[in-house]
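Here are the chains, one letter per residue:
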Amino acid sequence: MRHLSWVLCLVLLIKQQDFQIQVEAGDGFIRTRGVHFIMNGTPYYANGFNAYWLMYMASDPSQSAKVSTAFREASSRGLTVARTWAFSDGGYRPLQYSPGFYNQQMFKGLDFVVAEARRYGIRLILSLVNNYENFGGKKQYVNWARSRGQYLSSEDDFFRNPVVKGFYKNHVKTVLNRYNKFTGVVYKNDPTIMAWELMNEPRCTSDPSGRTIQAWINEMASFVKSIDGNHLLEAGLEGFYGQTTPWRKRLNPGYNIGTDFIANNRIRGIDFATVHSYPDQWLSGSNEQTQLSFLNNWLGAHIQDAQNILQKPVLLTEFGKSWKDPGFSIYQRDQLFKAVYYQIYSSARRGGAAAGGLFWQLLTEGMDSFRDGYDIVLSQSPSTANVIAQQSRKLDQIRRMFARNTERWKIPNRSKGIGN
């Protein structure tokens with residue numbers, strides 16, 4: 001009876017709201033319309049995972065089967081989106097070993113990731129550079145420029161120096177124009193890729209005003225869109241509030257890193273907002289209830305602001321709980337996942353801006369060296385895997401309900417992949 005009541009309420013909601021969603025040709029690309037993701041004219045919700053290691057493992061023929069295993073296990077729990085790195089700059093087994101020069105074995109590994117994702121019905125969010133020095137990051141780009149005579153005093157010159165920005169743009173152009181040796185499809189034409197991410201967790205502590213990162217996102221978003229009009233684009237933000245909404249800054253967990261959730265995501269080329277949430281890191285030493293309270297307030301504020309201010313979808317692209325935390329229990333992790341998923345589900349069932357969540361991180365068996373505390377091996381974590389699968393089913397139920405009413409959602413044609 002409760003289920004029937006919920007269905008009736010949802011139908012009434014659809015009738016009452018003028019969802020401005022266009023029924024597009026079935027080309028398979030995910031787009032945005034208002035605060036929703038749309039695929040082939042119907043709503044799309046992302047229940048997914050992070051697996052930064054996919055290209056790295058895929059490039060080793062003795063390990064590439066782990067990529068297929070990860071996608072197969074994820075797909076069996078209804079997971080539909082994976083976020084991963086399309087970068088590895090300098091260092092050990094790099095993708096880009098010098099500006100503009102690439103290790104083709106690594107690139108072939110990324111080709112395999114895209115091909116296997118397509119095979120298992122997984123969409124990809126591909127991040128283009130790291131804020132941190134793992135896998136090179138902005139530090140490697142700055143060092144490359146220094147070796148070519150540029151005097152740079154800070155890693156944050158990544159965002160300012162024309163030479164460094166040129167290196168980055170060349171990488172973007174190379175990845176977007178990559179011809180996949182397995183599928184025969186150029187990346188920028190492949191709907192298996194859901195979105196590009198400018199940077200994993202951009203931070204510019206040398207300019208807390210936010211002007212530096214705002215200018216960089218603006219420039220790079222325009223550059224990406226000049227090459228690829230098919231795909232969505234996001235900035236890679238953690239969600240910290242800035243000068244645009246000073247009343248929201250009290251929600252920040254003590255960070256002042258030069259980003260602004262509202263201003264950065266208002267940029268026209270940015271199609272949807274992203275949020276990360278690690279209360280066990282950000283509020284380390286606090287009790288479980290305090291962390292869950294922070295999580296609910298953090299997510300609630302961002303969903304509300306995406307809906308009312310940005311008028312774009314918001315995706316929780318990283319969250320998790322570490323088994324390295326003092327007093328950790330699987331029950332605690334499951335409760336955190338349930339809290340995250342409830343926020344997303346509650347928004348989605350109302351037609352709101354929350355479009356899904358990607359936990360950090362998925363591993364398969366035999367990957368102990370990749371364990372960072374947040375790792376989940378689905379076959380070894382039955383209770384958490386069940387929580388994840390339940391969310392997949394709930395979001396699919398909402399999608400199916402909305403899909404039956406797509407005839408109510410038509411609007412005039414607008415250009416592909418451009419944010420509101």
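It should be emphasised that the depicted structure is a prediction, and the values quoted were computed from it without experimental measurement. (Residues numbered from 1 in each chain as written. Predicted model: local features only at pLDDT ≥ 70, side-chain atom pairs only at ≥ 80, totals over all residues. Heavy atoms only, no water.)

Caption draft 1: Seen up close, the overall build of the protein. The number of helices and strands found in the protein is 12 helices and 15 strands. For 420 residues, the compact-globule estimate of 2.2 N^0.38 gives 22 Å, and the protein sits close to it at 21 Å. Taken over 420 residues, the protein has a buried fraction of 60%. The contacts of the protein with a sequence gap of at least 6 include a subset with a gap of at least 24, amounting to 74%. (Helix = DSSP H or I, 4+ residues; strand = E, 2+ residues; numbered from the N terminus. Rg over C-alpha atoms; globule rule 2.2 N^0.38 Å. Buried < 20%, exposed > 50% of the residue type's maximum accessible area, 1.4 Å probe, protein only. Contact = heavy atoms within 4.5 Å.)

Caption draft 2: Examining the side chain of Q391 more closely. Here Q391 shows up in helix α12 (residues 382-403). Take Q391: its relative accessible area is 3%, and that puts it in the buried class. Aside from chain neighbours lying at most four places away, what touches Q391 is N47, Y341, I344 and Y345.

Caption draft 3: A look at the confidence of the model for the protein. Confidence in the prediction of the protein, expressed as mean pLDDT, is 91, and 90% of residues score 70 or more. In this model residues 407-420 is a low-confidence stretch, pLDDT under 50, and it forms 48 contacts with partners more than four residues away in sequence or in other chains. (pLDDT = per-residue confidence, 0-100.)

Caption draft 4: Structural detail: helix α4 (residues 104-119). For α4, spanning 16 residues, the distance from its first C-alpha to its last is 22 Å, which sits close to the expected 22 Å at 1.5 Å a residue. Capping of α4 at its N-terminal end is provided by N103; its side-chain oxygen lies 3.0 Å from the backbone amide nitrogen of Q105. Looking one or two places after α4, you find G121, whose phi comes out positive at around 70°. (Expected span 1.5 Å × (residues − 1). Polar contact = N/O pair within 3.5 Å; in protein donor to acceptor, adjacent residues only side chain to side chain.)

Caption draft 5: Expanded view of the environment of L295. The topology assignment puts L295 in helix α10 (residues 288-310). C-alpha of L295 to C-alpha of L336: the two residues are 41 residues apart in sequence and 8.5 Å apart in space. In this structure, L295 is in contact with S277, P279, L336, A339 and V340, ignoring residues within four places of it in sequence.

Caption draft 6: Looking closely at unusual backbone geometry. A cis geometry characterises the amide bond from W360 onward to Q361, with omega recorded as -10°. Look at F135: it is not a glycine, yet its phi comes out positive at around 60°. Tracing the backbone shows F135 in the loop between β8 (123-127) and α5 (137-146). Note on F135: relative accessible area 28%, which makes it partly exposed. Of note, the phi angle at E201 is positive, near 55°, even though the residue is not glycine.

Caption draft 7: Representation of the sheet that holds strand β1 (residues 30-33) within the structure. A sheet is described by the order of its strands in space; here three strands give the open sequence β1-β2-β3, paired in antiparallel fashion. Of all the strands in the sheet, the pair left with one neighbour each is β1 and β3 (42-44). Each neighbouring strand pair of the sheet contributes to a mean axis angle of 50°, computed without reference to strand direction. Alignment of strand β2 (residues 36-39) against β3, held across three bridges, turns out to be antiparallel. (Pairing = 2+ DSSP bridges. Axes fitted to C-alpha atoms, helices over the stretch in contact; angles between N-to-C directions.)

Caption draft 8: Molecular detail of the packing of aromatic side chains. With the rule as written, the count across this model stands at 33 aromatic pairs. Taking 5.6 Å as the distance between ring centres and 70° as the angle between the ring planes, the aromatic pair formed by Y241 and F261 counts as edge-to-face. Of this pair, Y241 sits in the loop between β10 (232-234) and α8 (261-266) while F261 is found in helix α8, placing the two residues 20 residues apart along the sequence. Judged by relative accessible area, Y241 falls into the buried class, the value being 3%. Taking relative accessible area as the criterion, F261 reaches 1% and is therefore assigned buried. The residue whose ring lies beneath R93 is Y56, and the NZ or CZ to ring-centre distance is 3.9 Å. Over the ring of W323 we find K324, and its NZ or CZ is 5.7 Å from the ring centre. (Phe/Tyr/Trp six-rings, centres within 6.5 Å; stacked < 30°, edge-to-face > 60°. Lys NZ or Arg CZ within 6 Å of the ring centre and 35° of its normal.)

Caption draft 9: Looking closely at the environment of P382. Note on placement: P382 falls in helix α12. On the basis of relative accessible area, P382 is assigned to the exposed category, the value being 61%. Along the chain, P382 and V186 lie 196 residues apart, while their C-alpha atoms are 38 Å from each other.

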